[in-house]
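The lines below spell out each chain.
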Amino acid sequence: MTTLGAVFRPQLPPERLRSVARAADAAGLEELWLWEDCFLSSGVASTSAALAWTDRLRVGVGLLPVPLRNVALTAMEAATLHRMFPGRAMLAVGHGVQSWMGQTGARVESPMTLLREYLHALRALLGGERLTVDGRYVRLDDVALDWPPTVPVPVHAGGLGPRTLRLTGEAADGTVLDASVPADGVRRACALVAEGRAAAGRSGPHPVTVYLHVATGPGARERLRAEKERTGNPAPGLGVTGDARAVADAVVELAEAGATAVILQPTSDEPDPEGFVRFAAERVRPLVP
């Protein structure tokens, strides 16, 4: 069965998260995803709060920008969330938007090298290993978590370029694709991830999470068009507007292309965020196999 979720947009004030998370939980939505976009809301703080306010909802962050976060700190935060809310927290890491990384003084010369070192170290720390690493960017001296997760914790990574997608297959436990990727792009991405996994000799499941632009209700077409123009992805056919049936058909198309989870991404000016998560859970979910 395809997992269905929705995005809580960071353009909303942080205090709005409580009502949206509770609405999603009450409606039976499977996943709520947050972003750590500069310079809006903290991904980890928001995730912790959303998990505390809900009972069964899984909450993800896609993505945490690795240049901003020391890998030991990310491991500590991820382990804490998984100890407090077993099986409900999902963290995905990525390069971060390079212009934002430059604004913070965190931009690196080789984002690929950093992400590879980071993924290997983060997975090892969450696996309970003690590490001494002297990499180009990741340096750890006899570091181990005192409170590692009690069960294996998947580490997801996101990206769009071929090298990054191969790396997610090689060194991550799942891949996140943003809403700029149509069904054909999902197929290509899955093939690149598979190449990375094969090169690393990895087997077993590798979930692929894909965001989908969605607008519904009055003015949906105009809101989606404006959203795509704002994000620089005006391509026709990208995203979906309309009723639950139209949205479900778009979800199924992405699932058939290789997505294991499809996360409905409202426009930044969505007039009813609580209603949007209820729409996803109560009207779209029953139509998605």
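Our subject is the structure listed above.
Keep in mind it's a predicted model, so treat the numbers as computed, not measured.

Rules and cut-offs
Residues numbered from 1 in each chain as written. Predicted model: local features only at pLDDT ≥ 70, side-chain atom pairs only at ≥ 80, totals over all residues. Heavy atoms only, no water. Helix = DSSP H or I, 4+ residues; strand = E, 2+ residues; numbered from the N terminus. Buried < 20%, exposed > 50% of the residue type's maximum accessible area, 1.4 Å probe, protein only. Polar contact = N/O pair within 3.5 Å; in protein donor to acceptor, adjacent residues only side chain to side chain. Contact = heavy atoms within 4.5 Å. Salt bridge = Lys/Arg side-chain N within 4 Å of Asp/Glu carboxyl O. Phe/Tyr/Trp six-rings, centres within 6.5 Å; stacked < 30°, edge-to-face > 60°. Axes fitted to C-alpha atoms, helices over the stretch in contact; angles between N-to-C directions. Parallel < 35°, antiparallel > 145°, perpendicular 65-115°, else oblique. Left-handed = near helix turned anticlockwise from the far one by under 90°. Pairing = 2+ DSSP bridges. Right-handed = clockwise from strand over helix to strand, strands pointing away.

Novice: Help me understand the side chain of Thr175, please; the structure alone is not making it clear to me.
Specialist: Here Thr175 lies in strand E8 (residues 174–177). Of the residues examined, Thr175 reaches a relative accessible area of 1% and is grouped as buried. Side-chain polar atoms of Thr175 contact the side chain of Thr168, separated by 2.8 Å. Residues in contact with Thr175, not counting those within four places in the same chain, are His156, Ala157, Leu165, Thr168, Val193, His206, Pro207, Val208 and Thr209.

Novice: So what exactly am I meant to see when it comes to the pattern of salt bridges here?
Specialist: When their charged atoms lie close together, side chains carrying opposite charge are able to pair. Summed over the entire model, instances satisfying the criterion amount to 19 salt bridges. Connected through salt bridges with shared partners, the residues Arg9, Glu227 and Arg230 form a single ionic network.

Novice: Help me out: how do you make sense of the environment of Leu12 in this one?
Specialist: Relative to the helices and strands, Leu12 is located in the loop between strand E1 (3–7) and helix H1 (17–27). The class for Leu12 is buried, based on a relative accessible area of 15%. Spatially, the C-alpha atoms of Leu12 and Pro273 are 9.1 Å apart, while their sequence positions differ by 261 residues.

Novice: When you look at the packing of aromatic side chains in this model, what are you seeing that I'm missing?
Specialist: The geometry of an aromatic ring pair is captured by two quantities: the separation of the ring centres and the angle between the planes. In the structure shown here, the tally under the stated rule is two aromatic pairs. Consider the rings of Trp33 and Tyr211, whose centres lie 6.4 Å apart with planes at 85°: the pair is edge-to-face. Of this pair, Trp33 sits in strand E2 (residues 31–34) while Tyr211 sits in strand E9 (residues 208–215), and the two are 178 residues apart along the sequence. In this pair, the class of Trp33 matches that of Tyr211, namely buried. Here the aromatic rings of Trp35 and Tyr211 are separated by 6.1 Å at their centres, their planes lie at 65°, and the arrangement is edge-to-face. Of the two residues, Trp35 is situated in the loop between E2 and helix H2 (43–53) and Tyr211 in strand E9; the sequence distance between them amounts to 176 residues. Pair check on accessibility: Trp35 and Tyr211 agree, each one buried.

Novice: Please clarify how the packing of helix H6 (residues 162–171) against helix H7 (residues 183–199) should be interpreted in this entry.
Specialist: The relative placement of two packed helices comes down to the angle between their axes together with the axis-to-axis distance. Between H6 and H7, the least distance of the axes is 6 Å, while the angle of their chain directions is 50°. If you check the angle between H6 and H7, you find them oblique. The crossing of H6 and H7 is right-handed. Of the residues in H7, those touching H6 at Pro162, Leu165, Arg166, Thr168, Gly169 and Glu170 are Ala189, Leu192, Val193, Glu195, Gly196 and Arg197.

Novice: So what exactly am I meant to see when it comes to H6 here?
Specialist: Three- or four-residue spacings in an α-helix give side chains the same orientation, since the helix completes a turn every 3.6 residues. All buried positions along H6 are accounted for by Thr164, Leu165, Leu167, Thr168, Gly169 and Ala171. Contacts made by the buried residues of H6 are with helix H5 (111–126), strand E7 (156–158), E8 and H7.

Novice: Looking at this structure, how should I read the pairing of strand E4 (residues 89–94)?
Specialist: Along a regular strand, successive side chains alternate from one face of the sheet to the other. Of all six residues in E4, six are buried, a share of seventy percent or more. With burial as the criterion, each face of E4 is covered, one bearing Ala89, Leu91 and Val93 and the other bearing Met90, Ala92 and Gly94. The sheet contact formed by strand E3 (residues 58–65) and E4 spans six bridges and is parallel. Within the sheet, the bridge partner assigned to Gly62 lies in E4 and is Ala92. Following the chain from E3 across helix H3 (residues 71–84) to the adjacent parallel E4, one finds a crossover that is right-handed.

Novice: When you look at the packing of H1 against H2 in this model, what are you seeing that I'm missing?
Specialist: Interhelical geometry of H1 versus H2 gives an angle of 50° and a closest axis separation of 9 Å. Taken as axis vectors, H1 and H2 run oblique relative to one another. Considering only the axes of H1 and H2, their crossing is right-handed. Contacts between H1 and H2 involve Leu17, Arg18, Ala21 and Arg22 from the first element and Ser46, Ala50 and Trp53 from the second.

Novice: Any chance you could explain the pairing of E9 here in plain terms?
Specialist: Among the eight residues of E9, eight are classified as buried, and the element is accordingly described as predominantly covered. Every second residue of E9 is oriented toward a common face, with Val208, Val210, Leu212 and Val214 on one face and Thr209, Tyr211, His213 and Ala215 on the other, all of them buried. With three bridges joining them, E8 and E9 adopt parallel strand pairing. Bridge assignment links Val176 to a residue of E9, and that residue is Thr209. Across five bridges, E9 lies against strand E11 (residues 261–265) in parallel orientation. Bridging across to E11, Tyr211 finds its partner in Ile263. Across two bridges, E9 lies against strand E10 (residues 240–241) in parallel orientation. The residue of E10 that forms the bridge with Val214 is Val240.

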